[in-house]
Amino acid sequence: RWHRSPTDPHHPTPPKRLETSIHRTTRTCNATWGLYLKSLQTAETIAIDADRQMETMSTIKIPLMIEVLEQIKAGRFTLTDKYTYLETDSQPGTGTIQRLDYGAVMTVKDLITMMIIVSDNTATEVLYRMVGGPEVVNKRMDTLGLKTTRAMNVPSKWLPAMRSAPHTEQFYRDGKSPVCFSTARGMGTV
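Residues numbered from 1 in each chain as written. Predicted model: local features only at pLDDT ≥ 70, side-chain atom pairs only at ≥ 80, totals over all residues. Heavy atoms only, no water.

Chemist: Report on the environment of Ala47, specifying residues and quantitative values.
Modeler: Mapping Ala47 onto the fold places it in strand E2 (residues 45-48). The class of Ala47 is partly exposed, set by a relative accessible area of 36%. Taking the C-alpha atoms as reference points, Ala47 and Arg185, separated by 138 residues in sequence, lie 7.5 Å from one another. Excluding residues that lie within four positions of it along the chain, Ala47 makes contacts with Leu35, Tyr36 and Arg185. (Helix = DSSP H or I, 4+ residues; strand = E, 2+ residues; numbered from the N terminus. Buried < 20%, exposed > 50% of the residue type's maximum accessible area, 1.4 Å probe, protein only. Contact = heavy atoms within 4.5 Å.)

Structure, rendered in structure tokens:
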């Protein structure tokens, strides 16, 4: 918990000390950073390039989960609805569902759990289809005031584009097939 202390420059507040430490660490790496931290007890924040929109990769799975839960709340489907694993849904990369036998049955809750805990790309593919695609997630983010958070591609479109690129690093730098965009502040607000 962060406690406010007098604004004595010789005794910076814990958030100010943390911010100084973060700046010191980030200067040692050749990378683009966007950081946003907020104390839930005091509401104090640290924001370093927090509004710079950048590709955020699998963190888009959190906004997707929000849309799934909102659609459950609206009665479109339930956590206990069943899904049967199909070969056409299998996605490479992160996750474990791709290693199951086709025909395995799991619930919507299982899909959410796998997507969030092990960043499962197959679960992500299926949940995007269930909610109606990236556009639906983007509309939800708009309603939450997060207009810089954008789902761009489902795994079945993004992963083949990445794998066909001659060099993975160049693929990311080119930015022609992004997964998603957001800002550190936007993801911290989600």
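That was the structure; now back to the text.
Chemist: Kindly report on the packing of helix H2 (residues 61-73) against helix H4 (residues 121-131), identifying the contributing residues and their values.
Modeler: Running from N to C, H2 and H4 cross one another at 45 degrees; their axes reach a closest spacing of 10 Å. Comparing the axis directions of H2 and H4 gives the class oblique. For the pair H2 and H4, the sense of crossing is left-handed. Contact residues: Lys61, Leu64, Glu67, Val68 and Gln71 in H2; Asn121, Thr124, Leu127, Tyr128, Met130 and Val131 in H4. Looking at the contact of H2 with H4 residue by residue, the classes come out as six nonpolar, three polar and two charged. (Axes fitted to C-alpha atoms, helices over the stretch in contact; angles between N-to-C directions. Parallel < 35°, antiparallel > 145°, perpendicular 65-115°, else oblique. Left-handed = near helix turned anticlockwise from the far one by under 90°. Nonpolar A, V, L, I, M, F, W, Y, C, P; charged D, E, K, R; others polar.)

Chemist: Before we move on, could you go through the nonpolar core and cite the residues and values that matter?
Modeler: Core analysis: the biggest nonpolar cluster contains 28 residues, and Leu64, Val68, Val108, Leu111, Leu127 and Tyr128 have the highest contact counts within it. Contributing elements (two or more residues each) for this core: H2, helix H3 (108-117), H4 and helix H6 (155-164). Here this core gets five residues from one element, more than from any other, and that element is H4. Aside from chain neighbours lying at most four places away, what touches Leu127 is Leu64, Val68, Val108, Leu111, Ile112 and Met115. (Core = buried A, V, L, I, M, F, W, Y, C linked by side-chain atoms within 4.5 Å.)

Chemist: Describe the packing of H3 against H4, naming the residues involved and giving the relevant values.
Modeler: Where H3 contacts H4, the axes come no closer than 9 Å and their chain directions differ by 130 degrees. Between H3 and H4, the angle falls in the class oblique. In this structure, H3 meets H4 at a crossing whose hand is left-handed. Residues Val108, Leu111, Ile112, Met114 and Met115 of H3 touch H4, and the partners they reach there are Ala123, Thr124, Val126, Leu127 and Met130. Among the residues making up the contact of H3 with H4, the classes are represented as nine nonpolar, one polar and no charged.

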